[in-house]
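One-letter residues, chain by chain:
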Amino acid sequence: MPPNETLFLESTTRIQKESIHSFMDFQVWDFPGQLEYLEPSFDLEEIFAGLGALVWVIDAQDDYIDSVSRLSQTTLTIQQFYPNINIEVFIHKVDGLSDEYRTDTFQDIVQHISDELSDAGYENAPVHYYLTSIYDYSVFEAFSKVIQKLIPNLSTLENLINTLTNNCGFEKTYLFDVLSKIYIASDTRPVDMASYEMCSDYIDVIVDVSELYSWDHPDRKPKGEQMLEAESHVILHDETMIHLMEINKYLCLVSVIKNPEAKEKKGLIDMNCRTFQEALNEVFSRSWEEEPEGQVMEGQQGPRGP
């Protein structure tokens, strides 16, 4: 929803479970901040045994000392009994802070948590931090990083995208989950937030157009072999090209191309992207067309919890 409409959302008062059925099947469990789940009355095995990642959200505009303390206690419990869970900290609502205060807040939170874990004997605990806001795409970027750590064969996907990007002279390439707008992999160049936002918005445009016009018409006869997946590209005012190719109903490949000669080599780009698609199919050892709806792909293990 638009960020300004979230002002009217009620606070979370109970555990809410949301199932996500897309490229990966997983659940998000939303815990109210005041819930004391470390008390003996709660079953830790029921809560933590199936987790792939714990995302702890800290309000950067509020007094966060109590939240940081509870996070440290939770992290110690996880490190002791469930060391395979990824611990991700979203320092949230940073849009209301100045750049200087934002940096100070980030460093203060990291230092508090590091000190408490160090005092308990956990040096360099695997806790990862992100500055996030709903008024830009930083929260999608952060959640993309969280999900990527739960994807088998991530390094293989990155290598394939790197090969495609280098051979085609792309500036940046993302493999997006169409439904959630998170990217499950990209090339290893640094992420430019502006290009990420542009690619994400472009997906919305193509999805809207596809829903309007890609329906079956009884009088429409195919002229030869038809392409099932959507393809599109657009040239921007600065000669930058955005190229999109749908991989299947879950994934699409979106690339930023700065080379002004790219529009003359569109056929070559399409061919290389199709080669990438074939390689991606081989990674998961099953063609997309045979994939039953709502099922995790063969060779993939989706996280079982939040």
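Located above this text is the structure these notes cover.
We now turn to the structure provided with this report. Just so we're clear, the structure is a prediction, and the values are computed from it rather than from any experiment.

### Considering the overall build of the protein chain
So, point 1. Helix and strand counts for the protein chain stand at seven helices and 10 strands.
So, point 2. Within the protein chain, buried positions represent 41% of all 306 residues.
So, point 3. Restricting to contacts in the protein chain with at least 6 residues of sequence separation, those with at least 24 account for 62%.
So, point 4. Accessible surface, the protein chain as shown: approximately 17200 Å² in total, 50% of it carbon and sulfur.

### Comments concerning the sheet that holds strand β8 (residues 231–235)
So, point 1. On the basis of which strands lie adjacent, the open sheet formed by five strands has the order β7-β6-β10-β9-β8 and antiparallel pairing. Taken across any chain shown, the strands that pair with only one partner, and hence form the sheet edges, are β7 (183–186) and β8. Strand-to-strand, the axes of this sheet are offset by a mean angle of 15°, without reference to chain direction.
So, point 2. Across six bridges, strand β9 (residues 241–246) lies against strand β10 (residues 251–257) in antiparallel orientation. By the bridge assignment, Leu 244 is partnered in β10 with Val 254.
So, point 3. Packed on one face of the sheet, helix α7 (residues 266–284) meets β6 (172–177), β8, β9 and β10 and runs near 40° to β9.

### Focus on the packing of aromatic side chains
So, point 1. Counted according to the given criterion, the structure contains 14 aromatic pairs.
So, point 2. Where Phe 81 meets Tyr 82, the ring centres are 6.5 Å apart and the plane angle is 55°; that geometry is what we call tilted.
So, point 3. Both rings, one in Phe 106 and one in Tyr 129, keep their centres 6.2 Å apart while their planes meet at 80°; by these two values the pair is edge-to-face. With Phe 106 in helix α3 (residues 99–119) and Tyr 129 in strand β5 (residues 127–131), the pair connects residues that are 23 residues apart, well separated along the chain.
So, point 4. Classification of Phe 106 by relative accessible area gives partly exposed; the value is 25%.
So, point 5. These aromatic residues form a ring-pair network of at least three members: Tyr 137, Phe 140, Tyr 174, Phe 176, Tyr 183 and Tyr 196.
So, point 6. Here the guanidinium or amino end of Lys 17 rests over the ring plane of Trp 29, the centre of that ring lying 4.4 Å away.

### Brief notes about the sheet that holds strand β4 (residues 86–92)
So, point 1. The three strands are arranged β3-β4-β5 in an open sheet whose pairing can be described as parallel. Looking at strand neighbours, the two that pair on one side only are β3 (53–59) and β5, the edges of this open sheet. This sheet shows a mean twist of 20° between the axes of neighbouring strands, independent of strand direction.
So, point 2. Pairing of β4 with β5 involves five bridges; the strand directions are parallel. Its bridge partner lying in β5, Glu 88 is registered against His 128.
So, point 3. Relative to the sheet, helix α2 (residues 65–81) contacts β3, β4 and β5, its axis offset from that of β3 by approximately 170°.

### Examining unusual backbone geometry
So, point 1. Even without glycine at this site, Lys 181 takes up a positive phi of about 65°.
So, point 2. Within the element layout of this structure, Lys 181 appears in the loop between β6 and β7.
So, point 3. One non-glycine residue with positive phi stands out, namely Glu 239, at about 75°.
So, point 4. Looking at the element boundaries, Glu 239 is found in the loop between β8 and β9.
So, point 5. Its relative accessible area of 37% is what places Glu 239 among the partly exposed residues.

### A closer look at a nonpolar patch on the surface
So, point 1. A surface patch of nonpolar side chains, amounting to about 500 Å² of accessible area, comprises Leu 7, Phe 8, Ile 134 and Tyr 135.
So, point 2. Following the sequence through the fold, Leu 7 ends up in the segment before β1 (16–21).

### Digging into α3
So, point 1. Along its 21 residues, α3 runs 30 Å from first to last C-alpha, staying within 8% of the 30 Å computed at 1.5 Å per residue.
So, point 2. All buried positions along α3 are accounted for by Thr 105, Ile 109, Ile 113 and Leu 117. Down the axis, α3 shows its buried residues gathered within 90° of arc, on one side only. Residues of α3 that are exposed and point more than 90 degrees away from the buried face comprise Glu 100 and Asp 119.
So, point 3. The inward-facing, buried residues of α3 contact β3, α2, β4 and β5.
So, point 4. Trailing α3 by a residue or two, Gly 121 shows a phi angle of about 95°, which is positive.

### Quick word on the side chain of Asp 270
So, point 1. In this structure, Asp 270 sits in helix α7.
So, point 2. When near neighbours in sequence (up to four residues on either side) are disregarded, Asp 270 contacts Glu 231 and His 243.

### Considering the side chain of Ser 255
So, point 1. Along the chain, Ser 255 turns up in strand β10.
So, point 2. A polar contact of 3.3 Å, which involves the side chain of Ser 255, links it to the side chain of Thr 173.
So, point 3. When sequence neighbours within four positions are dropped, the list of residues in contact with Ser 255 reads Phe 170, Lys 172, Thr 173, Met 241, Ile 242 and His 243.

Rules and cut-offs
Residues numbered from 1 in each chain as written. Predicted model: local features only at pLDDT ≥ 70, side-chain atom pairs only at ≥ 80, totals over all residues. Heavy atoms only, no water. Helix = DSSP H or I, 4+ residues; strand = E, 2+ residues; numbered from the N terminus. Buried < 20%, exposed > 50% of the residue type's maximum accessible area, 1.4 Å probe, protein only. Contact = heavy atoms within 4.5 Å. Areas by Shrake-Rupley, 256 points an atom, 1.4 Å probe, with all protein chains shown as cover. Pairing = 2+ DSSP bridges. Axes fitted to C-alpha atoms, helices over the stretch in contact; angles between N-to-C directions. Phe/Tyr/Trp six-rings, centres within 6.5 Å; stacked < 30°, edge-to-face > 60°. Lys NZ or Arg CZ within 6 Å of the ring centre and 35° of its normal. Patch = residues over 30% accessible without salt bridge, like charges linked within 9 Å, V, L, I, M, F, W, Y side chains within 5 Å. Salt bridge = Lys/Arg side-chain N within 4 Å of Asp/Glu carboxyl O. Expected span 1.5 Å × (residues − 1). Arc of directions from axis to C-beta. Polar contact = N/O pair within 3.5 Å; in protein donor to acceptor, adjacent residues only side chain to side chain.

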